[in-house]
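Below are the chains, spelled out letter by letter.
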Amino acid sequence: MLNIILFGPPGAGKGTQSSKLIEKYGLVHLSTGDVFRYNIKNQTELGIMAKSYIDNGQLVPDEVTNRMVRDFIERNNNDQGFIFDGYPRTIAQGENLEQVLQDFNTEVTSMIALEVDEDELVNRLLERGKTSGRPDDQDESIIRNRFKVYNEETSPLADFYAQKGKFIAVQGKGSIDDIFNNLCKAIDHAN
Ligand code: AMP
């Protein structure tokens with residue numbers, strides 16, 4: 001199985017690249033942000049609970065997110081593997097993912113990080129907010145808060161996987177196709 005964590009700050013292009021990668025490698029895409037947004041739209045209990053965190057650019061509590069991810073993996077277990085987009089976002093989530101995959105006799109293949117600088121990202125997100133309908137993409141202070149959370153809580157995961165020899169950084173600036181080619185090279189090399 002190929003289990004790839006596509007890592008990087010908000011707006012780095014994880015969603016766009018994930019769609020292309022699942023097609024090429026036949027993987028199942030788990031975007032925790034998409035799952036939350038689906039639940040918000042359908043006003044499920046999970047969605048109602050998650051909405052206030054998401055609207056403020058904060059993380060949904062680990063316990064809730066971790067349970068949701070375990071359920072998703074259980075329901076979508078397959079032979080090819082997964083691409084994790086927007087998960088894990090804390091060390092506790094990284095530890096949970098290790099455990100869940102171990103329970104399914106598999107493991108993370110690599111964490112691949114898309115590297116883009118912050119000013120470029122703020123502009124990308126504000127631009128995306130004009131058409132995405134996402135309230136968390138339309139307000140610069142919420143966007144800045146998402147970066148703060150990313151820098152404080154999420155970026156330590158790079159070390160967590162580097163220590164396991166599973167961290168690969170890829171330049172996230174350039175055309176969608178160039179970035180995609182670089183990601184494919186990184187995946188093929190790691191696999
Ligand atoms: P994303 O679509 O990945 O940018 O996620 C949008 C928002 O959903 C984030 O700002 C968080 O509020 C929430 N979210 C998504 N994934 C996670 C996660 N792994 N842990 C906690 N909150 C998450």
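This is a predicted model, so every value here is computed, not measured.

A. Representation of the pattern of salt bridges. Summed over all chains, the structure comprises 18 salt bridges. Between K51 and D55 there is a salt bridge, and its shortest N-O distance comes to 2.5 Å. Placement of the pair is K51 and D55 together in helix α3 (residues 45–55), with a separation of four residues, close to one helical turn. Judged by its relative accessible area of 36%, K51 falls in the partly exposed class. D55 sits in the partly exposed class, given a relative accessible area of 23%.

B. Fine view of unusual backbone geometry. Geometrically, the link from Y87 to P88 is a cis peptide bond, its omega value of -5° lying close to zero. Topologically, P88 is positioned in the loop between β3 (82–85) and α5 (91–103). In this structure, Q43 is a non-glycine residue whose phi angle is positive, near 50°. The topology assignment puts Q43 in the loop between α2 (32–41) and α3. On the basis of relative accessible area, Q43 is assigned to the exposed category, the value being 62%. A positive phi is found at N105, a non-glycine position, where the angle reads about 55°. Assignment of secondary structure puts N105 in the loop between α5 and β4 (110–115).

C. Spatial organisation of the site of the ligand. Lining the immediate environment of the ligand, one finds 16 residues, of which T32, R37, Q58, G86 and R89 sit closest. In this structure, a nitrogen atom belonging to the ligand sits 2.9 Å away from a side-chain N or O atom of Q93. Residue composition of the shell around the ligand, grouped by class: five nonpolar, six polar and five charged.

D. Local environment of the environment of A113. Tracing the chain through its elements places A113 in strand β4. On a C-alpha basis, the gap between A113 and A158 in space is 8.1 Å, while along the polypeptide they are 45 residues apart.

E. Structural detail: the nonpolar core. Residues L6, L21, Y25, I112, L114, L183 and I187 are the most contacted members of the largest nonpolar core, which totals 23 residues. When residues of this core are assigned to their parent elements, the largest contribution, six residues, is made by helix α9 (residues 176–190). Ignoring anything within four residues of it in the chain, the contact list for L114 reads L6, F7, G8, P9, A12, G13, K14, Q17, V170, G172, I179 and L183.

Parameters and conventions
Residues numbered from 1 in each chain as written. Predicted model: local features only at pLDDT ≥ 70, side-chain atom pairs only at ≥ 80, totals over all residues. Heavy atoms only, no water. Salt bridge = Lys/Arg side-chain N within 4 Å of Asp/Glu carboxyl O. Helix = DSSP H or I, 4+ residues; strand = E, 2+ residues; numbered from the N terminus. Buried < 20%, exposed > 50% of the residue type's maximum accessible area, 1.4 Å probe, protein only. Near = heavy atom within 4 Å. Polar contact = N/O pair within 3.5 Å; in protein donor to acceptor, adjacent residues only side chain to side chain. Nonpolar A, V, L, I, M, F, W, Y, C, P; charged D, E, K, R; others polar. Core = buried A, V, L, I, M, F, W, Y, C linked by side-chain atoms within 4.5 Å. Contact = heavy atoms within 4.5 Å.

That is the geometry; function is a separate question.
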